[in-house]
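Breakdown of the fold
Each chain, written out:
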Amino acid sequence: MDHKHEEIEIPSYFVCPISLDIMKDPVIAVSGITYDRESIGKWLEKVHSCPVTKQPIPSDYDLTPNHVLRRLIQHWCVENAERGVVRIPTPRVPPGKPSVVEEIKNLKKFGVEALGREDTLKNLEALAMEGETNRRLMHEGAVHRSLISFVVKCTHREQEEEGQRRIKGKLDESLRLLHLIGVPLNDARTILMEDDRILQALSLVLNQQNFINKSYTIVLLRNLTQNTSSHILERLNPEILKGIIGFLKELATRPNVTDTAQSSNPRVRNKAPSKLDYSFVIKQAVIAALMTLLETSSWSRNRTTLVDLGAVSQLIELEISSRGDEKRATELVLGVLSRLCCCADGRAEILAHKGGIAIVTKRLLGLSLAADDRALSILSTVSKFSPEKVVVEEMVCVGTVEKLCTVMRVECSWSLKEKAKEILRDHFDEWKKFPCVDVTMLTKLLSSSPEDLLAQFYSQVNV
């Protein structure tokens, strides 16, 4: 609503009690209070009671359109048009609950076979894209469970090579719809424990060619594993880890794409909701992939598997290809690398990559405390357990020594300073031989206390 003149007096009953703005689509709740449909819809997603009376509002309650009030508001807008008031359009009838309930009934009646029908998935997708209320109804009707079962069935059929083209299309639609509606937390905890075929199905999708399907699957996998039994993560199928690493490898070599993930459904193709925006989906998948790798690398067996699958090289390539402005992704990459450094083969892989030490050094300072801590942990582990001459030389050449000295001189946590100091002290005898290393400054840094270094830093910046 555009109000150009403050002197316009708006009738109080035109104003939504939640948004405090003129209602565009007034609806009556079970409590008898009228709200704007959009405002009360968002409220009820979090709180199932009337904001004014606190009376409970059932999740399956249908809000009643207040046509009389809407016409009064429209009439008032027309009368005040010359004063800058814009007339509100007549709202279209939302598809809402009846259609969703009908589709859920079909699912319960015919099982996952209903999803194989020509229009079922398209209808559900169109309804899901209409708003959060419809997606919540789908959660209550366990649509996500039916979709997961359907994905399992599709991948099983694909193994048997029956109707591959048609099944592929249905699989694409199912994964996209699953991404759109999500899996509620209370269900996500138990789904994997109820059917061990799910992880097998997801591993098959991850090792196929469809990049966006891989993205949907990785986000789904993260949702299903983040609150489940640690036993599942500890014994995660190596094929899933292989698929995740393959996704990251493909990502590092793909050009930046900002298009949307186009739906084959003509009813929703041009709506381009944010949940299906291509770049948004990819970013979600990257974080989900890295979180999964970080959690699975807690166990030594998984660390060995990840190193054997080439995870170290792919993580380094991913970080090199990034612009360094994705803080969370960088923190996770460094977190995984710091864990893989715990095994000798992991350290060897970092040293074997020409950009390994360099990119870790580059990410030290300037991003976040977590990134600094993890980067220093990597450098400390590598320098301690792989102190060969070539490693020491590389740390000079790529600026690691200089960056460690900077850590000693700038304002940062004492624990970081102690880690940097330990690395510098351990290799001082080697590094002082290089003409590019300021031995006098290095000696002073190693002999100074953290308090002295901090006082010196403040004096340099005139604090």
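See the structure above.
So, a few notes on the structure that sits alongside this text. (Residues numbered from 1 in each chain as written. Predicted model: local features only at pLDDT ≥ 70, side-chain atom pairs only at ≥ 80, totals over all residues. Heavy atoms only, no water.)

Structural notes on the side chain of lysine 403
Here lysine 403 lies in helix α22 (residues 400-409). Although buried, lysine 403 forms no salt bridge, and the nearest oppositely charged side chain, aspartate 372, lies 7.6 Å from it. Sequence-distant contacts of lysine 403, defined by excluding residues within four places in its chain, comprise Thr361, Lys362, Leu364 and Leu365. (Helix = DSSP H or I, 4+ residues; strand = E, 2+ residues; numbered from the N terminus. Buried < 20%, exposed > 50% of the residue type's maximum accessible area, 1.4 Å probe, protein only. Lys, Arg positive; Asp, Glu negative; His and termini not counted. Salt bridge = Lys/Arg side-chain N within 4 Å of Asp/Glu carboxyl O. Contact = heavy atoms within 4.5 Å.)

Brief notes about the sheet that holds strand β3 (residues 64-65)
For sheets, the rule is that strands pair by backbone hydrogen bonds, running either parallel or antiparallel. Strand order across the open sheet formed by three strands is β2-β1-β3, with antiparallel pairing between neighbours. The two strands at the open ends of the sheet, each matched to only one other strand, are β2 (34-36) and β3. With two bridges joining them, strand β1 (residues 26-28) and β3 adopt antiparallel strand pairing. Its bridge partner lying in β3, valine 27 is registered against proline 65. (Pairing = 2+ DSSP bridges.)

Re the nonpolar core
Leu224, Leu290, Leu315, Leu424 and Trp431 are the most contacted members of the largest nonpolar core, which totals 111 residues. When residues in this core are grouped by element, the largest group, eleven residues, is from helix α14 (residues 278-296). When near neighbours in sequence (up to four residues on either side) are disregarded, leucine 224 contacts Val183, Ala188, Ile191, Leu192, Ile198 and Leu202. (Core = buried A, V, L, I, M, F, W, Y, C linked by side-chain atoms within 4.5 Å.)

Observations concerning the packing of aromatic side chains
This structure, assessed with the given rule, holds three aromatic pairs. Pairing phenylalanine 211 with phenylalanine 247 gives two aromatic rings, centres 5.1 Å apart and planes at 15 degrees, and the pair type is stacked. On the criterion of sequence distance, the pair formed by phenylalanine 211 in helix α11 (residues 211-225) and phenylalanine 247 in helix α13 (residues 238-253) is long-range, its members being 36 residues apart. By relative accessible area, phenylalanine 211 is classed as buried at 6%. Residue classification places phenylalanine 247 among the buried residues on the basis of a relative accessible area of 0%. (Phe/Tyr/Trp six-rings, centres within 6.5 Å; stacked < 30°, edge-to-face > 60°.)

With respect to a nonpolar patch on the surface
Together, Tyr13, Val68 and Leu72 make up an exposed nonpolar region whose accessible area comes to about 320 Å². Along the chain, tyrosine 13 falls in the segment before β1. (Patch = residues over 30% accessible without salt bridge, like charges linked within 9 Å, V, L, I, M, F, W, Y side chains within 5 Å. Areas by Shrake-Rupley, 256 points an atom, 1.4 Å probe, with all protein chains shown as cover.)

Re the packing of helix α17 (residues 327-340) against helix α20 (residues 369-385)
One can describe the packing of α17 onto α20 by two numbers: an axis separation of 9 Å at closest approach and a directional angle of 30 degrees. The orientation of α17 relative to α20 falls into the category roughly parallel. The handedness of the crossing between α17 and α20 is left-handed. Residue-level inspection shows Glu331, Leu332, Leu334, Gly335, Leu337 and Ser338 of α17 in contact with α20, the latter providing Ala370, Ala371, Arg374, Ala375, Ser377 and Ile378. Its residues assigned to classes, the contact of α17 with α20 comprises seven nonpolar, three polar and two charged. (Axes fitted to C-alpha atoms, helices over the stretch in contact; angles between N-to-C directions. Parallel < 35°, antiparallel > 145°, perpendicular 65-115°, else oblique. Left-handed = near helix turned anticlockwise from the far one by under 90°. Nonpolar A, V, L, I, M, F, W, Y, C, P; charged D, E, K, R; others polar.)

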